[in-house]
Amino acid sequence: MATAILSALPQEQSTLVHRLARPQRVTHAGRAFWTGDIEGRAVVLALSGIGKVAAATTATALIERFGAARILFTGVAGGIGDGVQVGDVVVAEEYLQHDLDVSPLFPRWEVPGYARHRFACDAGLTALLSGAAGAYVTSATGHFDPKISLQVADGTSARPRLHHGLVVSGDRFVSAADEVSRLRTALQDGGHDVLAVEMEGAAVAQVCHDYGVPFAAMRTISDRADDTAHVDFAAFVQTVASRYAEHIMLGLMRLL
Ligand code: ADE
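Below: a short report on this structure. For clarity, every value in this text was computed on a predicted model and none was experimentally measured.

**Quick word on the overall build of the chain**
Then comes step 1: Broken down by element type, the chain carries seven helices and 10 strands.
Then comes step 2: Over its C-alpha trace the chain gives a radius of gyration of 17 Å, about what one expects of a compact globule, namely 18 Å for 256 residues.
Then comes step 3: Summarising its shape, the C-alpha atoms of the chain cover approximately 50 × 50 × 30 Å along the three principal directions.
Then comes step 4: Nonlocal contacts in the chain, meaning residues at least 24 apart in sequence, comprise 79% of its contacts between residues at least 6 apart.
Then comes step 5: Carbon and sulfur atoms form 52% of the exposed surface of the chain, whose accessible area is close to 10,600 Å².
Then comes step 6: The distance from the centre of the 21 positive side-chain charges to the centre of the 27 negative ones in the chain is 7 Å.

And the structure:
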């Protein structure tokens, strides 16, 4: 059974497609899926699409149509935790939908029908992903694009770090300092210590929970979800995130 690798954006995925042995392109549900082998492992590559609904559809197709045995997610995210900087990598341990609010019927962020706020990633798969990400992050030091490293907040150091913890998803590109500060404070007040924000992972985590399919996710931090988020984002996806995705996924395929 194949390992599925989901990417949020084409730039993140293209390097992986180039690594495929016996590549085959299959169209299903209006999406392109690539099957083949990477490092001798059967894989299926897909773009999640942007936002929770698109990602949930893609994840469901990976499971129902392609029989995915496990789903991995590589992408970018806005760093909102303390010390989570552009160029760092976050390995998700849990996911929450930050824009889900059925209050007062249910507590804010609780997913009705599941009696929970968060969905956990698979511990074993996450440990392997973390090993692969840690190995790459250590070796990537010094390979950083100097133009990007200047944008790393204070310009002190481009040395990337690996973080583990809660990532939140919602159908918004968060790009304002006051918004990110409100979001972070509200989550913290609710007992949710968040590292990063993106737009798909929580949906995939919920689909994987429903089907009992192991899920693990990593996000390279492309911006700080503040007023300059869109500037950092474009440069970052193009130059750095795709390289991270390629190397970390190749490393992980060797560990599986
Ligand atoms: N993905 C990358 N950066 C993001 C941001 N600031 N908000 C939502 N998703 C993102």
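From this point on, the discussion continues.
**Brief notes about the site of the ligand**
Then comes step 1: As a structural note, the neighbourhood of the ligand is formed by 13 residues, with Gly78, Phe173, Val174, Glu198 and Asp223 the closest of them.
Then comes step 2: A distance of 3.3 Å is found between a nitrogen atom of the ligand and a backbone nitrogen or oxygen belonging to glycine 78.
Then comes step 3: Here the ligand occupies the largest pocket.
Then comes step 4: Every element with two or more residues in the shell around the ligand is listed here: β5 (70-79), β9 (194-198) and β10 (215-223).
Then comes step 5: The dominant element in the shell around the ligand, judged by the number of residues it contributes, is β5, at three residues.
Then comes step 6: In terms of residue class, the shell around the ligand is made up of eight nonpolar, two polar and three charged.

**A word on the layout of surface pockets**
Then comes step 1: Of the pockets and cavities examined, the largest pocket occupies roughly 210 Å³.
Then comes step 2: What lines the largest pocket is a set of 18 residues, and nearest its centre among them are Val76, Phe173, Glu198, Met199 and Phe233.
Then comes step 3: When contributions to the lining of the largest pocket are tallied by element, the ones reaching two or more residues are β5, β9 and β10.
Then comes step 4: Each residue belonging to the lining of the largest pocket can be placed in one class, and the counts come to 11 nonpolar, two polar and five charged.

**Here we look at the environment of glycine 212**
Then comes step 1: Note that glycine 212 resides in the loop between α6 (201-211) and β10.
Then comes step 2: On the accessibility criterion, glycine 212 (63% relative accessible area) is exposed.
Then comes step 3: When the C-alpha positions of glycine 212 and aspartate 122 are compared, they lie 9.8 Å apart, and in sequence the two are 90 residues distant.

**A short note on the packing of helix α2 (residues 52-64) against α6**
Then comes step 1: Packing of α2 against α6 leaves a shortest axis separation of 8 Å and a crossing angle of 35°. Both α2 and α6 take part in a crossing whose hand is right-handed. Counting all contacts with α2, which are made through Lys52, Ala55, Ala56, Ala59, Thr60, Ile63 and Glu64, the residues of α6 involved are Ala203, Val204, Val207 and Tyr211.
Then comes step 2: Broken down by class, the residue content of the contact of α2 with α6 amounts to eight nonpolar, one polar and two charged.

**Some points on the pattern of salt bridges**
Then comes step 1: Tallied over the entire structure, the rule returns 11 salt bridges.
Then comes step 2: Among the ionic pairs, aspartate 37 bridges to arginine 22, the shortest N-O distance being 2.9 Å. Of this pair, aspartate 37 sits in strand β3 (residues 31-38) while arginine 22 sits in strand β2 (residues 21-28), and the two are 15 residues apart along the sequence.
Then comes step 3: Since its relative accessible area comes to 17%, aspartate 37 is described here as buried.
Then comes step 4: Because the salt bridges share partners, they merge into one network encompassing Glu198, Glu200 and Arg219.

What counts as what
- Residues numbered from 1 in each chain as written.
- Predicted model: local features only at pLDDT ≥ 70, side-chain atom pairs only at ≥ 80, totals over all residues.
- Heavy atoms only, no water.
- Helix = DSSP H or I, 4+ residues; strand = E, 2+ residues; numbered from the N terminus.
- Rg over C-alpha atoms; globule rule 2.2 N^0.38 Å.
- Contact = heavy atoms within 4.5 Å.
- Areas by Shrake-Rupley, 256 points an atom, 1.4 Å probe, with all protein chains shown as cover.
- Lys, Arg positive; Asp, Glu negative; His and termini not counted.
- Charge placed at Lys NZ, Arg CZ, Asp CG, Glu CD.
- Near = heavy atom within 4 Å.
- Polar contact = N/O pair within 3.5 Å; in protein donor to acceptor, adjacent residues only side chain to side chain.
- 1 Å grid on protein atoms, 1.4 Å probe; cavity = no way out; pocket = protein on both sides within 12 Å on 5 of 7 lines; lining within 4 Å.
- Sits in = over half its atoms within 2 Å of the grid points.
- Nonpolar A, V, L, I, M, F, W, Y, C, P; charged D, E, K, R; others polar.
- Points joined across faces, edges and corners; volume = space filled by probe spheres on them.
- Buried < 20%, exposed > 50% of the residue type's maximum accessible area, 1.4 Å probe, protein only.
- Axes fitted to C-alpha atoms, helices over the stretch in contact; angles between N-to-C directions.
- Left-handed = near helix turned anticlockwise from the far one by under 90°.
- Salt bridge = Lys/Arg side-chain N within 4 Å of Asp/Glu carboxyl O.

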